[in-house]
Amino acid sequence: MSGRIVQLSLKPRQGRARGLPKRPVSALTITTEGVQGDFNRWRTEKAGGDPDQAVLLIREEILADLRAEGWPIQPGDLGENLTVADLPTDALRPGVQVRLGHVVLEVSKPCDPCTNLYSLPYVGVDRGAAFLRALQGRRGWFARVIQGGTVSTDMPVLAASAPSI
């Protein structure tokens, strides 16, 4: 299964600020610890740097569906590092390996919606619960890093089941 990168995103640590939304960049350097220069407060402070949450991916088609439902969401808004497109609906699931050039990620688990998303300008406290309901099963996927390296927006995305041992 092959797809393409729509956007690469990160947000540097800025005091106690949340990591949302992430800003677009032309390249990401990915290590087993995650995306260099990207700060994720949850992963760092609550999840103890969990390697299964090193990178967050989402399909652009999910964002398009949310926009069609009235949420003016853009790539990077949900804290994802990689917004990808043209992969089948079930392409991102636990155990699937995602190749981006020499970089290899393995999808580990879904990302659950959280109240940090209330900080998005079009959500807020009044619409927060409705937004979290809209995101159920659609917040994206965490991945661990099997092989690090640099990813740029012109690289293809290949997704396949992990090889058997």
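I will try to describe carefully the structure that is included in this document. Since this is a predicted model, take the numbers as computed values, not measurements.

The rules behind the values
Residues numbered from 1 in each chain as written. Predicted model: local features only at pLDDT ≥ 70, side-chain atom pairs only at ≥ 80, totals over all residues. Heavy atoms only, no water. Pairing = 2+ DSSP bridges. Helix = DSSP H or I, 4+ residues; strand = E, 2+ residues; numbered from the N terminus.

**Things to note about the pairing of strand β11 (residues 156–161)**
Okay, so step 1: Relative to β11, strand β1 (residues 2–10) runs antiparallel, the two being bridged by three bridges. When the bridges of β11 are listed, Arg4 appears paired with Pro156.
Okay, so step 2: As judged from the four bridges shared by strand β7 (residues 96–100) and β11, these two strands associate in the antiparallel manner. If you follow Val98 over to β11, its bridge partner there is Ala159.

**What about the sheet that holds strand β3 (residues 27–31)?**
Okay, so step 1: Overall, antiparallel pairing links the three strands, which are arranged β4-β3-β10 in an open sheet. The open sheet has two edge strands with one neighbour each: β4 (34–35) and β10 (149–152).
Okay, so step 2: Here β3 runs beside β4; their pairing, made up of two bridges, is antiparallel. Residue Ile30 lies in a different strand from β4, and its bridge partner there is Val35.

**A few points about unusual backbone geometry**
Okay, so step 1: A positive phi angle is found at Asp86, which is not glycine, with a value near 70°.
Okay, so step 2: Residue placement: Asp86 occurs in the loop between β6 (82–85) and β7.

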